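Understanding the architecture of this molecule
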Amino acid sequence: MQKIEHIGIAVKDLEKSEALFSLLFGNGPYKREMVESQAVNTSFFKNGPNKIELLQGTSDDSIISKFVAKKGEGIHHIAFAVMDIKLEMARLQEAGFKLLHEEPIPGADNKLICFLHPKSSNGVLIELCQDIKS
Ligand code: CMX
């Protein structure tokens, strides 16, 4: 497990939140991406070494829309960069964490990802991400 790769923030209105975070950081997003498999629209900001992902659900039954309806806007997940996602998944499963996917899946911003269930990590939804080498 390497550094924090990004922090995901669930929002209701991506455009409004992009404007807000652009004011906060003093610069706009470097990337917008729709991840159809996750039913989300995303917007990525860099602030120094830190990366923030804003996420808005694309339908009422999207994971992000349901989260916002239940808990309100706010931090949704913390993503950690890993060198070898399959190795980390095996290690964490062995250690008792509940993986939400049996195999890594494609995520936003050119990554292979896997989530850990928040019930197995003190109420924090954790994402593992490995760069997809081009
Ligand atoms: N952080 C912490 N806890 C969370 C959570 C989150 N982001 N999302 C849900 N939970 C908690 C709920 O509060 C609930 O707890 P209680 O039982 O104590 O009320 C419990 O998990 C179950 O929640 P739920 O609302 O019934 O939701 P589901 O079981 O349908 O789904 C989860 C929860 C984690 C399995 C689902 O959100 C998931 O599969 N997440 C991984 C994929 C994902 O988040 N995709 C969107 C982002 C994609 C991207 O980054 O590109």
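Computed from a prediction, not measured in an experiment: that's the story for all the values here.

Of note, S62 is situated in the loop between β4 (50-57) and α2 (63-71). Polar contacts involving the side chain of S62 include one to the main-chain amide nitrogen of I64, which spans 3.2 Å. Residues within four places of S62 in sequence aside, it is in contact with Q38, A39 and G57.

Here we come to the layout of surface pockets. Space inside the largest pocket adds up to approximately 840 Å³. Residue lining of the largest pocket: 32 residues in total, with I63, F67, H76, P118 and L125 positioned closest to the centre. Of all the secondary-structure elements, those providing two or more residues to the lining of the largest pocket are β3 (40-47), β4, α2, β5 (74-81) and β7 (111-116). With six residues, α2 is the largest single contributor of residues to the lining of the largest pocket. In terms of residue class, the lining of the largest pocket is built from 16 nonpolar, nine polar and seven charged. By volume, the second largest pocket amounts to about 180 Å³. Around the second largest pocket, the lining residues are Q2, K3, E5, A81, V82, M83, K111, C129, Q130, D131 and K133. In terms of residue count, strand β8 (residues 126-131) provides more of the lining of the second largest pocket than any other element does, three residues in total. Residues that form the lining of the second largest pocket fall into these classes: four nonpolar, two polar and five charged.

The phi dihedral of N110 is positive, around 65°, even though this residue is not glycine. Following the sequence through the fold, N110 ends up in the loop between β6 (105-107) and β7. We classify N110 as partly exposed; its relative accessible area is 41%. Backbone geometry at N122 places phi at a positive 55°, although glycine is not the residue there. Among the structural elements, N122 can be located in the loop between β7 and β8.

Residue position: G72 is located in the loop between α2 and β5. Sequence spacing of G72 and A10 is 62 residues, and the spatial spacing of their C-alpha atoms is 8.2 Å.

Checked against the element boundaries, D60 lands in the loop between β4 and α2. Sequence separation between D60 and S22 is 38 residues; the distance between their C-alpha atoms is 26 Å. Residues within four places of D60 in sequence aside, it is in contact with S65 and K66.

What counts and what doesn't
Residues numbered from 1 in each chain as written. Predicted model: local features only at pLDDT ≥ 70, side-chain atom pairs only at ≥ 80, totals over all residues. Heavy atoms only, no water. Helix = DSSP H or I, 4+ residues; strand = E, 2+ residues; numbered from the N terminus. Polar contact = N/O pair within 3.5 Å; in protein donor to acceptor, adjacent residues only side chain to side chain. Contact = heavy atoms within 4.5 Å. 1 Å grid on protein atoms, 1.4 Å probe; cavity = no way out; pocket = protein on both sides within 12 Å on 5 of 7 lines; lining within 4 Å. Points joined across faces, edges and corners; volume = space filled by probe spheres on them. Nonpolar A, V, L, I, M, F, W, Y, C, P; charged D, E, K, R; others polar. Buried < 20%, exposed > 50% of the residue type's maximum accessible area, 1.4 Å probe, protein only.

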